[in-house]
Amino acid sequence: MSPHYCFQCGHELELRRMDQREREVCPACGWIYYAQLKVGSAMLIERDNQLLLLQRNYEPWQGSWMLPAGYVEADEDPQDAAHREVFEETGLIVEASEFIHAYYFSDDPRGNGVSFVYKARLISGEIKLNEESTAAQYFSWHEIPPYLTKGGHDQIISGWQSQARQRENQK
Ligand SMILES: [Zn+2]
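Undergrad: I'd like a rundown of the layout of surface pockets, residues and numbers included.
TA: For the largest pocket, the calculated volume is near 450 Å³. For the lining of the largest pocket, the leading source of residues is strand β2 (residues 21-25), giving four residues. Classifying every residue of the lining of the largest pocket gives six nonpolar, four polar and six charged. Formed jointly, the lining of the largest pocket draws a minimum of three residues from each of two domains, domain 1 (1-35) and domain 2 (38-169). Looking at the second largest pocket, its volume works out to about 330 Å³. Breaking the lining of the second largest pocket down by element, the ones donating at least two residues are β4 (38-44), β8 (69-71) and α1 (78-90). If one sorts the elements of the lining of the second largest pocket by residue count, β8 sits on top with three residues. A breakdown of the residues in the lining of the second largest pocket according to their chemical character gives seven nonpolar, seven polar and seven charged.

Set out below in structure tokens:
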């Protein structure tokens, strides 16, 4: 999904080998397109050792289960993006209580990226879905559905699942 035309002068770009990679370069003005990772945020919302998942209404991966999550706007702190996405997708008002991990994903047709994952503290609100999902449900670690959204969600949810299993086994 790289551009075809120069952002600086509008000339058609051409692929050139540089820095051991193929890069789109403008033969007219020398501008180089550097493809970079997308940035996303996701939230782990727990209740009674269960994790809130949403069932995805859109392709890619329609019908799979995902976390409340989304892309971070260019002028937004990833943590604020997580708060915003949770509110838009679930109607819940949450606050990030802990940064968990940053997950790299390379299996999203819209581009590779990194997702910042936070654990949520629930402030208020009732679950109210928007058009992005068809269902919301809390799952315990042994109930996590098999069809999980890719693009980082499956890695993050599996990570939560093994942590929750360990916590239960330590009791
Ligand atoms: Zn140019």
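Okay, back to it.
Undergrad: Before we move on, could you go through the coordination of the zinc ion and cite the residues and values that matter?
TA: Protein-derived coordination of the zinc ion comes from C6 (SG), C9 (SG), C26 (SG) and C29 (SG), at a distance range of 2.2 to 2.4 Å. Classification of the site at the zinc ion as tetrahedral follows from its four donor atoms and the range of 102 to 120° in their angles at the metal. Between the donor residues of the zinc ion, the gaps in sequence give the motif C-x2-C-x16-C-x2-C. Of this pair, C9 sits in the segment before β1 (14-18) while C26 sits in the loop between β2 and β3 (32-33), and the two are 17 residues apart along the sequence.

Thresholds applied
Residues numbered from 1 in each chain as written. Predicted model: local features only at pLDDT ≥ 70, side-chain atom pairs only at ≥ 80, totals over all residues. Heavy atoms only, no water. 1 Å grid on protein atoms, 1.4 Å probe; cavity = no way out; pocket = protein on both sides within 12 Å on 5 of 7 lines; lining within 4 Å. Points joined across faces, edges and corners; volume = space filled by probe spheres on them. Helix = DSSP H or I, 4+ residues; strand = E, 2+ residues; numbered from the N terminus. Nonpolar A, V, L, I, M, F, W, Y, C, P; charged D, E, K, R; others polar. Domains from an automatic or database assignment. Donors = N, O, S within 2.8 Å, 3.2 Å for Na, K, Ca; no water. Tetrahedral: all angles 85-135°; square planar, octahedral: opposite > 155°, others 65-115°.

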